[in-house]
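Report on the structure
Listed below are the residues making up each chain.
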Amino acid sequence: MSIELAVGTAPLTMEGIARHGSKTGEPAFLTDRRLKALAHYNVTPMPGRRDEIWRRVEFGDLNVDAATVRGPADGLSILSPLSNEARARNVFWGSPEQAAKEHAAVLEKHWSTEVFPAGEENRFGNGGKFHSLNQALWEGGYVFHAPAGVEVELPMHARFFTRPGGDGVFPHNLIVLEEGASATIIESYESKPEFEGDKAFCCPQTEIVLGKGAKLRYILLQNIGSNATYIGAHRAHQHADSRLTFVSSHLGSALAKSFIATVMLERKAHAYLSGLYYGTGSQKIHLDTYQHHIAPECTTDLMFKGALDHKARAVYRGMIRLENDAQKTDAYQQNRTLLLSDDARVDSIPGLEILANDVRCTHGATAGQIDPAILFYLMSRGLSSFQAKKMIMDGFFEEVILRFGIESVTEPLRREIDAKIDHRNS
C-alpha cells in the first residue's frame, strides 16, 4: 500500500508518516524507524560536487520531491510462491507488511537496525540522503527468513516494477539466514513495456544478515527503463563461516548508482562478488563496491566487467578496508571495461585502506578497446564485423554470466546483452 499523507501536508512529513502508521496498524517500532530516517533525510543536503562519493553523478532533471507523490501500488511487485516443504519448516517469504503481522520479531531485530541503521550516517559506503529516503518511505519489498539449519532448494524470485510518470518506487528488502541455513534469492528491477520510456525513479534497499555457517546466493538484476533513475543499496553482514555469492547485472536506466557491500564480522567468512554492466547511448552507470573486513581470516573476491558504447559513461569505485584485527585477510578486487567507441568513458577508482599487517590484498583495473588484431583474425575466418564483435563480447562477459549459476537467469541475460550489442548496428 502506498504511503497516504495527511490532508494538507507536504510529502515526507512527520505528520504524514505517523498518520500512515496509525491507519495501517503498522507496529510502533517500524513507524519510529521511519521517523528517524525522515529526520536524517530532512537535515541532509542533496549530494553534490564536494562529496567524493557523488561528485561524478549528474542527476539531470531528477525531481525527488515529485517522485515521493505516488499513485496506487497495485502490480508493482511479484513474489514467487514458497514451496510447501519450506513453509512446513517455518521459512517466511512475503511482503514487509505481511511480516509485520506474522513475523514481527524478526523485523524488530533486523529491520533498519544493524545493516542500515535508520537515521544514522555511516561514512563507509553510505548513500546518505537516499538511504534515508527509502527507510522513511518504503512500501512493498520482501522479507525472507530461514530458521537455523534449513536449506531452501528452490530459488525465490522477487520482481519489482517502476511506476509511470516520474513517480518513485521504494522497495525495502530483508534477508535473514540463521545458523547453517542456505537459500538462493533473485531480486530484479524492471519497467513494464508500456512504461519503458517514462522518467521513473527506483530507490530500493536490501539488508542481508548471514548467521554462522549460512550460505546465500544473491542475484541482483537491474534493467529498468531507458529514461529511469536507479539509486539502490544492497549490503550483507556476515558471521563466522558464512558464505555469500553475490552476482549482479546493471543494464538498464538512464542513470544508475548502486551501492554493493559486505561486512565480515566474524572469522572465516567468505564473499564472492561479481557483476557486469553494459551502457549504450548516453547511459551513466555508477557502481560503488565495499569489502569491509573487521574480523580475521576472512576472504572477499570481487570481479566486475563492463562494456560501454556511444557516449555511455561508467564510474566504478571500489574499496577494500581492513580494520586492526582483520589479520590473515585475503581480499581481491578487479574491474575490467571494454570501450566500444571513442566517446565512451570509464573512471575506475580502486582503493585499499589497510590497518592490519598480516594480510594479502590486491586490486586491478583495466580499460581498453577491442584488439584490432583479434577482430581481423575472426573476420579473416569468414565472420562479418558484427559477428566478430559479438563473439568477442560474448566471451568477455561469459566468465561473469556463468557465476549466476541458474539457467532461468543466464539465458535471458544473454539475450539482453545480445540486444545491447545489436543496438550498435541499428
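Right above here is the structure, for reference.
Here is what the cut-offs are and how they apply
- Residues numbered from 1 in each chain as written.
- Predicted model: local features only at pLDDT ≥ 70, side-chain atom pairs only at ≥ 80, totals over all residues.
- Heavy atoms only, no water.
- Helix = DSSP H or I, 4+ residues; strand = E, 2+ residues; numbered from the N terminus.
- Rg over C-alpha atoms; globule rule 2.2 N^0.38 Å.
- Buried < 20%, exposed > 50% of the residue type's maximum accessible area, 1.4 Å probe, protein only.
- Contact = heavy atoms within 4.5 Å.
- 1 Å grid on protein atoms, 1.4 Å probe; cavity = no way out; pocket = protein on both sides within 12 Å on 5 of 7 lines; lining within 4 Å.
- Points joined across faces, edges and corners; volume = space filled by probe spheres on them.
- Polar contact = N/O pair within 3.5 Å; in protein donor to acceptor, adjacent residues only side chain to side chain.
- Nonpolar A, V, L, I, M, F, W, Y, C, P; charged D, E, K, R; others polar.
- Disulfide = S-S within 2.5 Å.
- Axes fitted to C-alpha atoms, helices over the stretch in contact; angles between N-to-C directions.
- Parallel < 35°, antiparallel > 145°, perpendicular 65-115°, else oblique.
- Left-handed = near helix turned anticlockwise from the far one by under 90°.
- Core = buried A, V, L, I, M, F, W, Y, C linked by side-chain atoms within 4.5 Å.
- Salt bridge = Lys/Arg side-chain N within 4 Å of Asp/Glu carboxyl O.
- Phe/Tyr/Trp six-rings, centres within 6.5 Å; stacked < 30°, edge-to-face > 60°.
- Lys NZ or Arg CZ within 6 Å of the ring centre and 35° of its normal.
- Pairing = 2+ DSSP bridges.

Regarding its fold elements, the protein chain presents 10 helices and 20 strands. Expected size for 426 residues packed as a compact globule is a radius of gyration near 22 Å; at 21 Å, the protein chain falls within 12% of this value. Dimensions of the protein chain, computed from C-alpha atoms along their principal axes, come out at roughly 70 × 50 × 50 Å. Counting only residues that meet the buried cut, the protein chain has 56% of its 426 residues in that class. Sequence-distant contacts in the protein chain: of pairs separated by 6 or more residues, those separated by 24 or more amount to 84%.

This paragraph deals with empty space enclosed by the protein. Taken as a whole, this structure holds two cavities of 30 Å³ or more when the rule is applied. Within this model, the second largest cavity holds a volume of roughly 40 Å³. Taken together, 11 residues line the second largest cavity, and the ones lying closest to its centre are F130, H131, I231, G232 and A233. Contributions of two or more residues to the lining of the second largest cavity are made by α7 (129–137) and β11 (229–238). Among the elements that make up the lining of the second largest cavity, the one with the highest residue count is β11 (three residues).

With that settled, the discussion passes to the environment of Q369. Among the structural elements, Q369 can be located in the loop between β20 (360–368) and α8 (372–380). Residues Q369 and E194 lie 175 residues apart in sequence; the distance between their C-alpha atoms is 35 Å. Beyond its immediate stretch of four places on either side in the chain, Q369 contacts L338, L339, S341 and D342. Within polar-contact distance, the side chain of Q369 engages the side chain of D342 at 3.2 Å.

The computed volume of the largest pocket comes to approximately 720 Å³. Going through the elements one at a time, α3 (64–67) and α10 (407–423) are the ones with two or more residues in the lining of the largest pocket. In terms of residue count, the dominant contributor to the lining of the largest pocket is α10 (four residues). Classifying every residue of the lining of the largest pocket gives 12 nonpolar, 16 polar and seven charged.

Inspection of the secondary structure puts S253 in the loop between β12 (243–250) and β13 (255–264). Excluding residues that lie within four positions of it along the chain, S253 makes contacts with Q222, I224, G225, S226, A228, Y230 and Q283.

The next subject is the state of the cysteines. Applying the stated criterion across every chain, the model contains zero disulfides. Here C202 is not disulfide-linked; the sulfur of C203 is the nearest cysteine sulfur, at 7.7 Å. Of the residues examined, C202 reaches a relative accessible area of 1% and is grouped as buried. No disulfide involves C298; its sulfur sits 12 Å from that of C361, the nearest cysteine.

Moving on: the packing of α8 against helix α9 (residues 385–404). In the contact formed by α8 and α9, the axes pass within 9 Å of each other and the chain directions differ by 120 degrees. Between α8 and α9, the interaxial angle falls into the category oblique. At the point where α8 passes α9, the crossing takes the right-handed sense. In contact with I374, L375, L378 and M379 of α8, α9 contributes S385, A388, K389, M391 and I392. Split into classes, the residues belonging to the contact of α8 with α9 amount to seven nonpolar, one polar and one charged.

The biggest cluster of nonpolar side chains holds 54 residues, and the ones touching the most others in it are F144, I175, L177, I185, L216, Y218 and L244. I185 has contacts with W93, Y142, F144, M156, I175, L216, R217, Y218 and I219, leaving out every residue within four places of it along the chain. In this structure, L38, F116, L174 and A233 belong to the second largest nonpolar core, which totals 37 residues.

Counted under the stated rule, the structure contains 22 salt bridges. In this structure, E190 engages R159 in a salt bridge whose closest nitrogen and oxygen atoms are separated by 3.0 Å. Placement of E190 in strand β7 (residues 182–190) and of R159 in strand β4 (residues 156–161) is noted, with a sequence separation of 31 residues between them. For D347, the salt bridge goes to R313, with nearest N and O atoms at 2.6 Å. Of this pair, D347 sits in strand β19 (residues 345–354) while R313 sits in strand β17 (residues 313–322), and the two are 34 residues apart along the sequence. Assigned by exposure class, D347 and R313 land together as buried. Linked by salt bridges that have partners in common, E52, R55, R56, R313, R345 and D347 make up one network.

Quick look at the packing of aromatic side chains now. Tallied over the full model, the rule gives 16 aromatic pairs. When the centroid spacing of 5.9 Å and the interplanar angle of 80 degrees are considered together, the rings of F170 and F201 count as edge-to-face. Taken together, the positions of F170 in the loop between β5 (168–169) and β6 (172–177) and F201 in strand β8 (residues 201–202) put the pair 31 residues apart, joining distant regions of the chain. Judged by relative accessible area, F201 falls into the buried class, the value being 1%. Taken together, W54, F59, F130, F170, F201 and F259 form an aromatic cluster joined through their ring pairs. One cation-aromatic arrangement involves R34 over W138; the distance from NZ or CZ to the ring centre is 3.9 Å. Residue placement shows K192 over the ring face of F161; its charged tip is 5.3 Å from the ring centre.

Strand β3 (residues 141–146) sits mainly inside the fold: six of its six residues count as buried. Alternating positions in β3 separate into two faces, G141, V143 and H145 on one and Y142, F144 and A146 on the other, with burial throughout. By the bridge criterion, three bridges tie strand β2 (residues 92–94) to β3 in an arrangement that is antiparallel. Within β3, the position partnered with W93 by the bridge is F144. As paired strands, β3 and β6 are joined by six bridges and run parallel to one another. Paired with Y142 across the bridge in β6 is N173.

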